[in-house]
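# Architecture at a glance
Residues per chain are reported as follows:
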Protein chains: 4
Amino acid sequence: MSEPQAGFLNRTLRGMRRALRRAGGARGPLKDGVQADLPEDDADRLRQQIDACLRGQGGEVSARTRAAELGETYLVLDATGRRRFLDILAREYDTAPDALDEAIAAYREAVDERARATARRRLREVLVAPRVRLLGQFNGLRQGVKFLVDLRAELLSQVGDDPGLRALETDLRALLTSWFDVGFLTLERITWRTPAALLEKLIEYEAVHAFRSWDDLKHRLEGDRRCYAFFHPNMPEEPLIFVQVALVTGMADNVQALLDERAPLGDSEDADSAIFYSISNCQAGLAGVSFGSFLIKRVADDLARQLPNLKRFATLSPVPGFRDWLDERIDAADADLVAESEARSLEAAFETSDLRRALASAAWWEDEARAEALREPLMRACARYLVEARHGARARDRVAHFHLTNGARIERLNWLADTSPKGIEQSASLMVNYLYRLNEVERNHEAYRGDGRVTAAAGVRKLLK
Amino acid sequence: MSEPQAGFLNRTLRGMRRALRRAGGARGPLKDGVQADLPEDDADRLRQQIDACLRGQGGEVSARTRAAELGETYLVLDATGRRRFLDILAREYDTAPDALDEAIAAYREAVDERARATARRRLREVLVAPRVRLLGQFNGLRQGVKFLVDLRAELLSQVGDDPGLRALETDLRALLTSWFDVGFLTLERITWRTPAALLEKLIEYEAVHAFRSWDDLKHRLEGDRRCYAFFHPNMPEEPLIFVQVALVTGMADNVQALLDERAPLGDSEDADSAIFYSISNCQAGLAGVSFGSFLIKRVADDLARQLPNLKRFATLSPVPGFRDWLDERIDAADADLVAESEARSLEAAFETSDLRRALASAAWWEDEARAEALREPLMRACARYLVEARHGARARDRVAHFHLTNGARIERLNWLADTSPKGIEQSASLMVNYLYRLNEVERNHEAYRGDGRVTAAAGVRKLLK
Amino acid sequence: MSEPQAGFLNRTLRGMRRALRRAGGARGPLKDGVQADLPEDDADRLRQQIDACLRGQGGEVSARTRAAELGETYLVLDATGRRRFLDILAREYDTAPDALDEAIAAYREAVDERARATARRRLREVLVAPRVRLLGQFNGLRQGVKFLVDLRAELLSQVGDDPGLRALETDLRALLTSWFDVGFLTLERITWRTPAALLEKLIEYEAVHAFRSWDDLKHRLEGDRRCYAFFHPNMPEEPLIFVQVALVTGMADNVQALLDERAPLGDSEDADSAIFYSISNCQAGLAGVSFGSFLIKRVADDLARQLPNLKRFATLSPVPGFRDWLDERIDAADADLVAESEARSLEAAFETSDLRRALASAAWWEDEARAEALREPLMRACARYLVEARHGARARDRVAHFHLTNGARIERLNWLADTSPKGIEQSASLMVNYLYRLNEVERNHEAYRGDGRVTAAAGVRKLLK
Amino acid sequence: MSEPQAGFLNRTLRGMRRALRRAGGARGPLKDGVQADLPEDDADRLRQQIDACLRGQGGEVSARTRAAELGETYLVLDATGRRRFLDILAREYDTAPDALDEAIAAYREAVDERARATARRRLREVLVAPRVRLLGQFNGLRQGVKFLVDLRAELLSQVGDDPGLRALETDLRALLTSWFDVGFLTLERITWRTPAALLEKLIEYEAVHAFRSWDDLKHRLEGDRRCYAFFHPNMPEEPLIFVQVALVTGMADNVQALLDERAPLGDSEDADSAIFYSISNCQAGLAGVSFGSFLIKRVADDLARQLPNLKRFATLSPVPGFRDWLDERIDAADADLVAESEARSLEAAFETSDLRRALASAAWWEDEARAEALREPLMRACARYLVEARHGARARDRVAHFHLTNGARIERLNWLADTSPKGIEQSASLMVNYLYRLNEVERNHEAYRGDGRVTAAAGVRKLLK
């Protein structure tokens, strides 16, 4: 160690990164590389590198350094080359069948508890595929954790029905699930004092109500607004998931009002309700690694501690699948959609009682009579959709499924609550308040998970009759 | 979530901790609890709690909360109660045999690659013992990671040859190995500006050359001394391992000189050598989770970057097993121990040529003639011990094994290098310099790991002739 | 102190601020208040408050609390009320004439050195006007330092030729000069990781080349750009002055090229020149408190330490007064402005040889022939303006004066260097490089300060012949 | 600025410091230097340097650099050299008499308000002695503020009745008073997590109850103990003043009990009283710059906010001057010291009724009968001392004077409250509780400051009868 070895590697990497940058190329780790493909010669060299890593050649420090070089190799490959890289990992570095057969045989022959324990341990060892050990070593890259998260995002986009890639992706999810255990995450409040580099990422990742400008962003971080995100210590500048909250009096029923930058500022300390109006996952590579429910819980705790006047924790949520379901029901000529008297009102307002045609008429939500004619049938339909529509045992609506799993209940449907183009298109202006009540959360969760029973407030249930 | 649930739990925990504290009791998490034993009724309640956690009853937030309560239950148990708790985990929450048999059968029946992939995945799932999932959830405790580290320390002290506890301990090691991957650790320099609460722990954990006082500690952190430690983000006040370095000119050959608080301060920027003179592991519960070689590497890199005049990275290490080995050789009447001329010198100095008796004479190291008479035979014996003595394929000396595995070479043996009581008792005053040279590290490692060949400098090899 | 007194005050202030905020009113401390005027009754109460503060009534903690209340009183006054407040301070709380006369008499009668020393001390005490002691106590306000800075800004805008307000403003400058000594300021690099709340202030304060957007801002903080600011510990979110630097190869000669967001990123480590292209003072209330030369010096030091390839520290500066001076010369029919051959070129390009009319023609800078015709006469005129035009003993151009005082030299004039509307309007597209050379700085400064001699490179001096 | 000038200076200074360090010498800034004296030649060079600084030669950056060099010059001087340096500053760089005479003349001749304002301004300028401007520039030293604080400490120790040095010291106090305005100080809690380098300074500076060990220190920072200090931003590792607080139930009456490391930990949240039992000033050079009363106030506010159960803020204070005063009264044969019945008790216990002889007997405080015999006369005498003994208009006891000025009242005298050697020697075991009550503080302060009236609880006043 007379000369610093990792220093050498770092210089190499820096050199490669600079080269990439000069080539007008990738800053982010997993943008497409610049080298064209991975020729077979290189593939062989790759296998040698992988083998050397797995053998721990040169000691564990050297092996880790080699793994980092492998990661860098991946980064400079183009799409074809990366696919070949992943295929090699998937097919050639899975659990060895012979070793597994042997371990199974040993287990079946074990005669006493001690022998069985030994055999189980051996089985576990054998089932850790070499590629998993290799993936774990990529942690030695400077941005190793982010690298693996992005690698899984890439895998997910390519996996199709390839069983090898699927197995690799599953391995990777298991690794990331362990690393991203909620116990390792830190909850941080995001404010206007947060570094701009991070705020810029909120703008990029916001998936529910897009930020219109930096002013809009500022408005959603200050005064009676709050924003919180989860972070992992190895990705300090990358939010994993973030939630936006409005502190208001009463349960919010309109998202445009909530996002209006010119509305007068409320006083957080007087607010009785915390309205969670946007939750966005940021990392495609962490799909299926869950921390959303923890986020809501911990934000609610934090707010409750700081603002003792808060009495109500609820959401103002979109109903993303409503119109699709409604169109299916219309196609199926569902007789319950429009009652007779309602049909007459529609006829009067739209010159048609056909729901789909009425909904297709321009800007109906700005015409009081038309909106009124649609209100009852759509509110009723939406209640049916949320409470009764199923995708297997789950609620069909993915947002509903998320909150019901967390133990919330459907508290209220709000008419003309989101009249943005997206709001009209996905849910005909409807939004939902899901209510989180401490003493109900466990019961609601169990009811939903066990029997698929959806808990809804009386006002919502009444719509179903 | 109208009331903060986790807040409730936290209050409960705080209450319990306060209760413990008042009882004059435990601050640290795994000191013995105060409750006497775990009665069978409680054991049943415990099983119910575990089952509820594993079932995810009430949702994942609630399950996590319950796991934390379980952890707290463990903390208030006494030794007997804890043993029962661990036995329950070990015996009743291992992989279910039926499920494993089914998964094996499915694997054996799989007809194509896709089916085999599915069966392998199922095998992996089944082999994750329920207790492992439960242990993972203890991460939800405020000091959950430290809790598990201490839990493993406790397990290690009790495991004996109990196969159940051994399997549980193995599970826990796998979990901790994943969580304590070196990529998650941060290297931090420890200085006199470091919080006293942390410095106090160095005093507690130092295993090689005990700190005599806070002044001694200060002296080892300032001027031409350095101290570095690895930390895990979830245990920010607990060093995992730390190393002490002296920046000197030439290769240090005496540890008392190195630790002398009254010696004049050298100038770090003039130093050509970094001498690693003490490495201490701090967490018994992380035995077998390796990061020592990374620590040396990263400290060397950091020093090299800051102090470009440094040319040499070496240790001044004890030889903890030398005297034991030597006594065995004496018992075996090893003829190579003392040459004829040496026997005469010993006779002249000690009135005996018997090595053991000579070594038993009081303060021989302060008598020039006596020390001189012992020098040659002991230097030669020590070289044999280090280079040739084996424990299986490994070097018998555990410190030698560590550095040789890291790719260092045995550079020099130093006579009268540690005349503290411990130094005399363990190694008859001898210490070793292990030298780390960047361009040799991989080769040395491979030679040692493959053929068990020990790399030693010419000066050391000469002693063997 | 059974109840927290300052806590009480803080509650009061918080209440007042909240009231102001609700009234749709001021966030910043010195926006106009909402109360109409300061009635005479209140003025009397004000005097009582001031007297109580100055007497230290109730102890120094209470006096400080009272001063904070006075400050808050000021904040809620409207413009008229504030003017009255300031007038009271200016006229009624100056040094008492009687006390001063007495102190002067005592000094004149002092017979020996000891008596004279005592008398001088007394004179100094008497000359500290009571209002100065009061102003100092406003430091107890939460944002007390910023309050006083803004108070001086307000004073400066109102002082006119009122001797009382002028004296008050002078007192305040002395106080701020002591508090804002450069030794108390911290230099901080501003990056894209800086809190957005602070970046927003750069946008507000930038006085030379306005930021077009947050993207423009980001571009000026990253890659081969640097930005540094001075801060005071009591105003951590308020930059005092900031400078923007481009790291380039060769001496930059065009500001639009420098600000082009689409230009390829250079590599800072290859750059040989640091170009200071924008320096903005942020606090009107600190006019006359100088730290600009320290800023340049310390930024240059910091850059030199980090980027050893930097060989040149220069500016790319506007010439804000050039056109005004040129118009005066044109009015004065200065025969040196346009040589005969130049007149012919102008005639050919513009159909007039009148400089003013030529300069008034639309977008002349986009027409190669026209620009070429103007080049020589304007370069020559600008060199005359910079080197010879005087405002008293100072260079007439304020930017030139700043850099010449700092010891820089005029290195080069750049034609078509700023073709923004402002650049055309103020300086007919010309910009200057001022060069800072370590071994010349003191000599240049002395030459300029002593004899008013302007140091200019040969290329510039040649223009003067 | 092609080469970094300040960098050059820094290198020089670092070189000088290293030289000093190698010479076995000073770390702290104002330990005695190593050079012997300041020869006359050097004195002339010194004057030239000072003149260059004051003239701003080479620009303000260069002047500041020169001032730093001057400071370094001072540091390497020995005691004689430093004295000469200070004498030069004191005598040769005071306000110039001619300039002052002229300014006075101008003031006397001023005919209107405008002219008088101008003349007053001129007087103020002239009265800022050149040495003050120079001292201010020492702020450019890396540790410039600490340098000046230590310089004043040195001046205070040498000033004697030298009017020149006294004036210089007064100038320096004025400068430091402005710089150390309480508005610039930060209050920080000191805990066991505080850097050891800072804790070490508490050990050094503690003036009331010396720390016995690092364990004692730890005990006074944790659990139901608190410690707070004021810091200046330019001296972040140097506390200015610190206070130690015990959170207890009831008003503490014995300091040995309070400091007992083995006593069971109380629970801070149950405590009803915050007892300030030690306040230590740390910087001799800030004598006369007051912030003690602010410290008490702000610590009380902070504690009240965190621990709402606290009802009482009081001290447990020494009575440092009691025995001296008592001895004077004994010498004066004060008949009120010992009543007749008390004399009998003394006689019975000590075989003498002479107070002085009784107090001189060994360990009387450990003998119940003897202690009881002394109790009444001493309690009475101490009450007289505290309430009635005067030093001019001030309470004679300096600790009493401090708390009375802050508006506290004398709440209780405690017998056998400090039986350490110092406690016995200074105050015959007595200690006082001063009580701070929010609604009394201003009134008590005014009474004490105005009429010198001491506020005392009924129990104390009763002792006076």
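Computed from a predicted structure; not experimentally measured. (Residues numbered from 1 in each chain as written. Chains lettered and ligands numbered in written order. Predicted model: local features only at pLDDT ≥ 70, side-chain atom pairs only at ≥ 80, totals over all residues. Heavy atoms only, no water.)

### A closer look at the overall build of chain A
So the rule is basically this: In this description a helix means any DSSP run of H or I spanning at least four residues, a strand means any run of E spanning at least two, and both kinds are numbered starting from the N terminus. When checking whether two residues touch, look at their non-hydrogen atoms; a contact exists if any pair is within 4.5 Å. Using the Shrake-Rupley algorithm and a 1.4 Å probe, accessible areas are obtained, with residue cover drawn only from the displayed protein chains. Within this scheme the basic residues Lys and Arg register as positive and the acidic residues Asp and Glu register as negative, but His and the chain ends are omitted. Charge positions are represented by NZ for Lys, CZ for Arg, CG for Asp and CD for Glu.
Helix and strand counts for chain A stand at 21 helices and 9 strands. Based on the C-alpha atoms only, the size of chain A along its principal axes is roughly 85 × 55 × 45 Å. Put simply, of all contacts in chain A between residues at least 6 apart along the chain, 74% involve residues at least 24 apart. Accessible surface for chain A amounts to roughly 20,000 Å². Of this, 48% is attributable to carbon and sulfur atoms. Taking the average location of the 68 positive side-chain charges in chain A and that of its 73 negative ones, the two points are 4 Å from each other.

### Quick notes on helix H15 (residues 340–350) of chain C
Two residues of an α-helix separated by three or four positions point the same way, owing to the 3.6 residues in each turn. Residues and elements named next belong to chain C. Applied cut-off: Three labels apply to residues, based on accessible area from a 1.4 Å probe with only protein chains included: buried if under 20% of the type maximum, exposed if over 50%, partly exposed otherwise in between. Think of it as the arc spanned by the lines of direction from the helix axis to the C-beta atoms.
Every buried residue belonging to H15 is among Glu342, Leu346, Ala349 and Phe350, and all of these are buried. The buried residues of H15 occupy an angular sector of 75° when projected down its axis, which confines them to one face. Counted as exposed and oriented over 90 degrees from the buried face of H15: Glu340, Arg344 and Ala348. Where H15 is buried, its residues meet helix H16 (355–360) and helix H17 (368–388). Once H15 ends, the next one or two residues include Glu351, with phi positive near 60°.

### Observations regarding the relation of the copies chain D and chain C
Rules: The copies are overlaid by a least-squares fit using only the C-alpha atoms of residues whose pLDDT is at least 70 in both copies.
Of the two same-sequence chains, chain D is brought onto chain C (RMSD 0.0 Å, axial shift 0.0 Å) by a rotation of 180°. When the rotation and shift are considered jointly, the pair of chain copies conforms to a two-fold rotation axis. Mapped onto chain C, 100% of the interface residues of chain D again fall at the interface, so both copies present the same surface.

### What about the sheet that holds strand S4 (residues 273–281) of chain A?
All names here are of chain A. Formally: Whether two strands pair comes down to DSSP finding at least two bridges between them. Geometry is summarised by axes, namely lines fitted to C-alpha atoms with helices restricted to the contacting stretch, and by angles between N-to-C directions that run from 0 to 180 degrees.
The strand order across the open sheet built from 7 strands is S1-S2-S3-S4-S5-S9-S8, with neighbouring strands paired in mixed fashion. Here the strands that pair on one side only, and so sit at the sheet edges, are strand S1 (186–189) and strand S8 (409–414). Put simply, the sheet's adjacent strands are angled 30° from each other on average, direction ignored. The sheet contact formed by strand S5 (residues 312–315) and strand S9 (residues 431–436) spans 2 bridges and is antiparallel. Bridge pairing in S9 links Ala314 to Leu435.

### Here's the deal with the arrangement of the chains
For the non-touching pair chain B and chain C, the nearest C-alpha separation works out to 14 Å. One finds no contact between chain A and chain D; the C-alpha atoms of the two approach each other to within 14 Å at their closest.

### Quick look at the environment of A:Ser268
All names here are of chain A. As a reminder, the rule being used: Polar contacts, as counted here, are pairs of nitrogen or oxygen atoms within 3.5 Å of one another; within protein the pair requires one atom able to donate a hydrogen and one able to accept it, and residues that are adjacent in sequence qualify only if both atoms are side-chain atoms.
Mapped onto the fold, Ser268 is located in the loop between helix H12 (255–259) and S4. As for Ser268 and Leu359, which are separated by 91 residues in sequence, their C-alpha atoms are 38 Å apart. Leaving out residues up to four positions away in the same chain, Ser268 has contacts with Gly223, Asp224, Arg226, Leu247 and Leu307. Of note is the side chain of Ser268, whose polar atom sits 3.2 Å from the backbone oxygen of Gly223.

### Focus on helix H18 (residues 398–405) of chain D
All names here are of chain D. Taken together, the buried positions of H18 are occupied by Val399, Ala400, His401, His403 and Leu404. A distance of 3.3 Å separates the backbone nitrogen of Val399 from a side-chain oxygen at the start of H18, and that oxygen is part of Asp397. Of the residues trailing H18, Gly407 is marked for its positive phi of about 95°.

### Structural notes on the pattern of salt bridges
Opposite charge on two side chains makes pairing possible when the charged atoms of those side chains draw close. Put simply, the test is: Salt bridges are defined by distance alone: a side-chain nitrogen of Lys or Arg within 4 Å of a carboxyl oxygen of Asp or Glu.
For the structure on display, the rule yields 177 salt bridges over all chains. Between D:Arg91 and D:Asp87 there is a salt bridge, with its nearest N and O atoms 3.3 Å apart. Here D:Arg91 pairs with D:Asp87, and both are found in helix H4 (residues 79–92), just 4 residues apart, close to one helical turn. Through salt bridges with shared partners, a single ionic network connects A:Asp94, A:Arg131, A:Asp171, B:Glu113, B:Arg116, B:Arg120 and B:Arg124.

### Here's the deal with the packing of aromatic side chains
We count it as follows: Any Phe, Tyr or Trp ring, taking Trp's six-membered ring, that has another such ring centre within 6.5 Å forms a pair; planes under 30 degrees apart are called stacked, those over 60 apart edge-to-face, and the others tilted.
A full pass over the atoms with the stated rule returns 48 aromatic pairs over all chains. Aromatic pair B:Trp192 and D:Trp214: ring centres 5.6 Å apart, planes at 70°, arrangement edge-to-face. With B:Trp192 in the loop between strand S1 (186–189) and helix H10 (196–205) and D:Trp214 in helix H11 (residues 214–219), this residue pair bridges two chains. You'll find B:Trp192 and D:Trp214 in the same group, each marked buried. Residues D:Phe322 and D:Trp325 carry aromatic rings whose centres are separated by 6.3 Å and whose planes lie at 25° to one another, so their mutual orientation is stacked. Within this pair, D:Phe322 and its partner D:Trp325 are both found in helix H14 (residues 322–331), separated by 3 residues, close to a single helical turn. For D:Trp325, a relative accessible area of 7% translates into the label buried. Connected via pairs of aromatic rings, a cluster forms that spans A:Tyr74, A:Phe85, A:Phe138 and A:Phe147.

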